[in-house]
Amino acid sequence: MGLLWSLRPVPGSKPWLRMRKMNVQTPMEVTISVYPGYQTEGFLDQVPLAGVVVERWYMAPGVRRIPVTEAGLTATLFLPPGPGPFPGLLDLWGGGGKLVEYRSALLASHGFASLALDYLTAKVTIETGKMVDNQYFERAYKVLEQHPQILSSRIAIIGLSLGTSITLKMAVYSQVAKLRCVVCISGSHVQPVDGSVEQIMSFFNKNAEKTRFNNENHMICRDLLLPIPTDPSLKVDVGQLQCPLLLVVGEDDQNWPTHESAMDIKEMMERAGNSHLLTLLSYPDTGHLIEPPFTPFAKASSFRAVSSRQKLVALWGGETAAHSRAQEDAWRKTLVFLRANLYGGVNTGIASFSNL
Amino acid sequence: MGPKIPGGAPEPSTLDGNCNNAVLLNHGGVRWKNSFRQSPVLTAAPVRALIDEQISIKGSFLPPECPVTVCAQMHSDDGDLWEAFAHYNTNADGTVNLTKDHSVGGSYLGCEPMGLFWGLQPAPCAREGLRLRKKNVETPYVMLLSLLEGHVSPSERQSTELAAVITERWYMAPGVRRTEIRQDGVVGTLFLPPGPGPFPAMLDLWGMGGGLVEYRSALLASRGYASLSLAYIGHKDLPGSLTHINVGDSYFESAFHLLQDHRQVCADRVGIIGLSFGVYLTLRIATKTVVKPACLICVNGPVGSTVKFSDPDGRTEQFESDQKYWTYNDQGHVSFKDVSLPANLSAESKVKIEHLTCPLMYIVGEDDLSASSIESANLIEETLKAAGKSQLFTCLSYPGAGHLIEPPYTPNSRASLWSVKPQKLVTLWGGHPAPHAAAQEDAWKKILDFMERNLRRELLIKKNAGLKVPLCSCTI
């Protein structure tokens, strides 16, 4: 699959692009061609020996895409085909905001009803200028819980980056959300305990002077949360977690101190006696953006956090091949974890995955 | 967006507090919505595929050693509902795997990974005499595959459905280009594979049913061959009446040249594939006209014309005008088989097989009730042997297969509606489901293999025969 994950913008393109499929109802069309000899450039100026066109889809046939605006939410629900009922997932992305649908579309294609939620650039925030409160996420949870085609006892959250902060918060502190398991990718538990989105973001901004820039002027944010605090009011008390947690981190994450956070989470859970709930996937030479596999890798890309007006280039980290292999492995294990916890077993979810 | 799902999903609503885990379905049945119960899953891989590709269908998270039904439903381009189903018992691990497990009842028995596709039949409510043929090749067949509780029939799907998945079956791969051809008097549709070419090519001929049949050409293009579906009878853009063949040898020569001269076609790697009456045309073009195809594939067709000529150039009378060799079964269905018996063909219409100069593959369905294929194959074989050309001949013969040997994993019709005027006539094609399906699968593989050997690789036979082999860089 190297041809797919090593795709790069052609010379002359705008710099620091990142490929993200925003319209999930159409496929990515990839033209694969064969040229004679060993060549490294000039492909567009030549006629290939032969070619083929491949379609890459995020959405399987029959998956239903349903925009959700009730309860003041900005979200899209993806339902698998069939009668259901299905296990449900709340799908949270990171600091870039927007309504990112592709992971939810893909999860629905694998049999999980999935709600992609915009919580930073939601309609209510655009219109009122105010960030959403904790109840916003609980309302999103309720949409899943009350849906006739979703199993209320089999709901999970998957979060990446800032989405992880929200996920851990809800898993430990929410009285409303009864989660069967959670998946936290490239995130940290460091945050003012049970703070709102606004409070969490201000906490990060307080340490903004710790932002570094490398030789290419790419922004490295990982130091904003370092050192991992010992003050318990600044970390989600993962010792109180009662459901299985799949933690996925890249050891070369330059954007967020995910590896250090993972070590601390592990230690906290071992001390509390609930570490049997933790499955940690830690990948060397892997960066921050651990996404579904076989899509182009970006070590750095243009990024504008919702809290700032500045457009910068963020360094995500990772090396192409290692990161791409990590994505493939992590996705496969994520699906196994979700299937085992959300489809399998009648009793409590399966705790650890020593066989993963 | 969204495919048309037959029946639609049930609309549940909850009952009173005493049984708040029950779901009342809109037709009155009750299904227990136990939120602690496992939720079964049905998967199909790949969910989008070409019509000749195998799919792996699996059910998981089911109770062990329990009866389940897997059911397939789809609508034809005309809106008719077709369905198939099979009864399985789940394994000890709560799975059912159609690539390994055995059906104990339904549309097929035994281990048949693609049985739900070739076993499709018109639903009980459908019109009679149907045959499944894709008219619009630019859209897929959208098939709903469902996993049902117990050993049931598709009519009980709504009350027993556990899980479902939707698959798309395509005749056209991404990047294949479809072009309507109305040029030099030729009426056809050209399909080009993706990529720069040049490509080897096939002229694609069907039978007396007429019209313009595109799906085999689309599939050949999806497999890397430029392909021209050609109409010669029963098409509004052809001259004269719809019920006669009003075109002659020059028409087929034009079509062949059109293909050969296309800048993305290798001129010396153009073959012909014909089914039914298309076989006669294929053999006639190869032996009587000026064109020189590189190879021929003939499926269940006659060695001479089954319609009288009104014109030495090949223009014919109406097919229905001479019915003396038509036979009928108890239900009044007509078999055209004896019409093409070599002994019943007029001597002057019989093709001079001995003039063949290229490889020929002839495919026989031994239960062909529409053409005398066995006798035709035998005659071709004997004629070529007598002419010292046996090395050109390959014959595939399939017991239990009927007349309509088409691309695989599509259902066979043993009989279907032939005409409605002057009276309604159902014609017999023959073929029994399982052996016909096996024949289609095997024949298609061998057809593609034959084409690869004769249209892609070195033109060995021509070299051995001492004929000049023109250079053509036709790669991959």
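Model, not experiment: these values are computed from the prediction. (Residues numbered from 1 in each chain as written. Chains lettered and ligands numbered in written order. Predicted model: local features only at pLDDT ≥ 70, side-chain atom pairs only at ≥ 80, totals over all residues. Heavy atoms only, no water.)

A. Highlighting the packing of helix H2 (residues 102-109) of chain A against helix H8 (residues 320-343) of chain A. All names here are of chain A. For the pair H2 and H8, interaxial distance at closest approach is 12 Å and the crossing angle is 55°. When the axes of H2 and H8 are compared, the pair comes out oblique. When you trace H2 past H8, the crossing you get is right-handed. Contacts between H2 and H8 involve Arg103, Leu106 and Leu107 from the former and Trp331, Leu335 and Leu338 from the latter. A per-class count over the contact of H2 with H8 returns 5 nonpolar, no polar and 1 charged. (Axes fitted to C-alpha atoms, helices over the stretch in contact; angles between N-to-C directions. Helix = DSSP H or I, 4+ residues; strand = E, 2+ residues; numbered from the N terminus. Parallel < 35°, antiparallel > 145°, perpendicular 65-115°, else oblique. Left-handed = near helix turned anticlockwise from the far one by under 90°. Contact = heavy atoms within 4.5 Å. Nonpolar A, V, L, I, M, F, W, Y, C, P; charged D, E, K, R; others polar.)

B. Broad picture of the pairing of strand E22 (residues 360-365) of chain B. Residues and elements named next belong to chain B. Most of E22 is tucked away, with 6 of its 6 residues classed as buried. The alternating pattern of E22 places Leu360, Tyr362 and Val364 on one face and Met361, Ile363 and Gly365 on the opposite face, and all of these are buried. Alignment of strand E19 (residues 296-299) against E22, held across 4 bridges, turns out to be parallel. Note on E22: the bridge partner recorded for Val299 is Ile363. Pairing between E22 and strand E23 (residues 393-398): 6 bridges, direction parallel. For Ile363, the partnering residue across the bridge sits in E23 and is Leu396. Regarding the hand of the β-α-β motif, the stretch spanning E22, helix H6 (residues 373-386) and E23 is right-handed. (Buried < 20%, exposed > 50% of the residue type's maximum accessible area, 1.4 Å probe, protein only. Pairing = 2+ DSSP bridges. Right-handed = clockwise from strand over helix to strand, strands pointing away.)

C. Focus on helix H6 (residues 197-206) of chain A. All names here are of chain A. Where H6 is concerned, the buried positions are Val197, Ile200, Met201, Phe203 and Phe204. Each buried residue of H6 lies within a common arc of 155° when the element is viewed along its axis, so the set occupies one face. Buried positions along H6 lie against helix H4 (134-146) and helix H5 (162-173). (Arc of directions from axis to C-beta.)

D. Representation of the sheet that holds strand E4 (residues 41-45) of chain B in the model. Residue and element names in this part refer to chain B. Spatially, E4-E6-E9 is the arrangement adopted by the 3 strands of the open sheet, whose pairing is antiparallel. Bordering the open sheet on either side are E4 and strand E9 (96-97), each of which pairs with just one other strand. As defined by bridge partners, strand E6 (residues 56-60) adjoins E9 across 2 bridges and the pair is classed as antiparallel. From the neighbouring strand, Gly59 faces E9, where its bridge partner is Val96.

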